[in-house]
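Results of the structural survey
Chain residues, written in single-letter form:
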Amino acid sequence: MKPIVELQDIYMNYHSKDGEVCAVGGVSLPVSAGEFVSIVGPSGCGKSTILSLIAGLISPVSGSVSVDGRVGYMFQRDQLFPWRTILNNVLFGLEIQKNKNADTVAYAHHMLEKYGLGDFRNHRPRELSGGMRQRAALIRTLATRPKILLLDEPFSALDYQTRLAVSDDIGGIIAAEGITTILVTHDISEAIALSDRVVVLTKRPATVRNIHKIQFDGDYQSPTARRKLPQFPEYFNKIWKEMKDDG
């Protein structure tokens with residue numbers, strides 16, 4: 001089956017005051033429909049650049065990016081407008097796409113009800129917890145019905161306890177919707193807890209050092225439950241060592 005996202009030998013350069021800098025140096029990565037893939041690597045190695053390439057925000061110097069379907073992008077902060085209600089925040093993406101109609105508005109209401117924010121649709125973001133705001137931001141992205149979801153450090157602004165809870169929350173929603181997801185994170189544990197595969201990048205210019213297929217026994221387990229399984233520290237130690245050796 002053809003991948004829903006495929007990077008083939010991608011190179012990406014940036015211009016700086018010191019000259020041209022190679023940020024991505026020959027990355028190839030196929031992602032299958034319904035897969036959850038996390039990308040980890042040293043700071044500044046080009047992880048977010050790869051998301052921008054997939055989203056079509058920038059173009060590679062060489063190589064090819066193939067994306068089969070609409071992309072939704074969720075950033076580090078929830079980016080909710082404080083003067084809008086939660087419902088109107090969720091509808092914002094549809095307004096930008098000029099796709100707000102009876103069907104899409106009904107779907108937005110359905111998603112808010114389905115994932116526990118129906119009673120908060122008329123609240124302002126300041127009235128919600130950090131976790132609920134992140135859930136609203138995800139629903140805003142999903143309301144546009146993307147086939148591919150890009151997550152750029154979406155939990156990094158949260159404290160550790162909230163981050164664990166939101167990871168369970170968002171992971172459960174993504175699993176229920178069966179949407180193809182690519183996550184960039186500095187957190188190895190988060191990557192293992194959420195993913196089907198973890199891609200480890202080298203330091204800049206980024207290349208793929210290794211790809212770990214994450215397999216736990218049984219059916220879907222929440223990210224928190226995965227952290228308690230005996231295979232979890234084995235995956236963590238392998239990935240941590242690869243990143244440490246490249247530091």
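All of the points below concern the structure found in this document. None of the values given here were measured: they were computed from a predicted structure.

As a further point, take the sheet that holds strand 7 (residues 180-184). What the six strands build is an open sheet, ordered 5-6-7-3-8-9; its pairing is mixed. Bordering the open sheet on either side are strand 5 (71-74) and strand 9 (208-213), each of which pairs with just one other strand. Here the average twist between neighbouring strands, direction ignored, is 15°. Pairing analysis gives five bridges linking strand 6 (residues 148-152) to strand 7, with the strands arranged parallel. Following the sheet pairing, Leu149 is matched in strand 7 by Thr181.

As a further point, take the packing of helix 5 (residues 130-142) against helix 6 (residues 160-177). Viewed as axis vectors pointing N to C, helix 5 and helix 6 meet at an angle of 25°, and their least axial separation amounts to 9 Å. Relative to helix 6, helix 5 is oriented roughly parallel. Note on packing geometry: the crossing formed by helix 5 with helix 6 is right-handed. Contact residues: Gly131, Gln134, Arg135, Leu138 and Leu142 in helix 5; Thr162, Val166, Asp169, Ile170, Ile173 and Glu177 in helix 6.

Before going further, it helps to spend a moment on the pattern of salt bridges. With the rule as written, the count across this model stands at nine salt bridges. Here Lys100 makes a salt bridge to Glu95, at a shortest N to O gap of 3.6 Å. When its relative accessible area of 44% is taken as the criterion, Lys100 is described as partly exposed. By relative accessible area, Glu95 is classed as partly exposed at 26%. Taken together, the shared-partner salt bridges connect Arg84, Glu95 and Lys100 into one network.

In terms of burial, strand 6 is a largely internal element, five of the five residues being buried. By the alternation rule, side chains of strand 6 split into Ile148, Leu150 and Asp152 and Leu149 and Leu151, which are all buried. Pairing of strand 5 with strand 6, which is carried by four bridges, proceeds in the parallel orientation. In the strand pairing of strand 6, Met74 is matched with Leu151. With helix 6 bridging strand 6 and the parallel strand 7, this β-α-β connection has right-handed handedness.

This part takes up the packing of aromatic side chains. What the rule picks out here adds up to three aromatic pairs. Considering the side-chain rings of Phe216 and Tyr235, the 5.7 Å spacing of their centres and the 70° angle between planes classify their relative orientation as edge-to-face. Taken as a pair, Phe216 in the loop between strand 9 and helix 8 (223-227) and Tyr235 in helix 9 (residues 231-245) lie far apart in primary sequence, 19 residues in all. By relative accessible area, Phe216 is classed as buried at 11%. The class of Tyr235 is buried, set by a relative accessible area of 14%. The rings of Phe81, Trp83 and Phe92 are connected pair by pair, giving a single aromatic cluster. Its guanidinium or amino end placed over the ring of Tyr107, Arg145 lies 3.9 Å from that ring's centre, counting from NZ or CZ.

Turning our eyes to something else, we now look at the side chain of Ser52. Mapped onto the elements of the fold, Ser52 is located in helix 1 (residues 47-55). With residues near it in sequence (within four places) discarded, Ser52 still touches Leu57, Ile58 and Tyr73.

A few words on the layout of surface pockets. Looking at the largest pocket, its volume works out to about 450 Å³. Along its surface, the largest pocket is lined by 17 residues, and Tyr73, Phe75, Gly93, Arg140 and Thr141 are the ones closest to its centre. Every element with two or more residues in the lining of the largest pocket is listed here: strand 5, helix 3 (92-96) and helix 5. Of all the elements, strand 5 adds the most residues to the lining of the largest pocket, at four residues. Of the residues belonging to the lining of the largest pocket, the class tally is nine nonpolar, six polar and two charged.

Cut-offs applied
- Residues numbered from 1 in each chain as written.
- Predicted model: local features only at pLDDT ≥ 70, side-chain atom pairs only at ≥ 80, totals over all residues.
- Heavy atoms only, no water.
- Pairing = 2+ DSSP bridges.
- Helix = DSSP H or I, 4+ residues; strand = E, 2+ residues; numbered from the N terminus.
- Axes fitted to C-alpha atoms, helices over the stretch in contact; angles between N-to-C directions.
- Parallel < 35°, antiparallel > 145°, perpendicular 65-115°, else oblique.
- Left-handed = near helix turned anticlockwise from the far one by under 90°.
- Contact = heavy atoms within 4.5 Å.
- Salt bridge = Lys/Arg side-chain N within 4 Å of Asp/Glu carboxyl O.
- Buried < 20%, exposed > 50% of the residue type's maximum accessible area, 1.4 Å probe, protein only.
- Right-handed = clockwise from strand over helix to strand, strands pointing away.
- Phe/Tyr/Trp six-rings, centres within 6.5 Å; stacked < 30°, edge-to-face > 60°.
- Lys NZ or Arg CZ within 6 Å of the ring centre and 35° of its normal.
- 1 Å grid on protein atoms, 1.4 Å probe; cavity = no way out; pocket = protein on both sides within 12 Å on 5 of 7 lines; lining within 4 Å.
- Points joined across faces, edges and corners; volume = space filled by probe spheres on them.
- Nonpolar A, V, L, I, M, F, W, Y, C, P; charged D, E, K, R; others polar.

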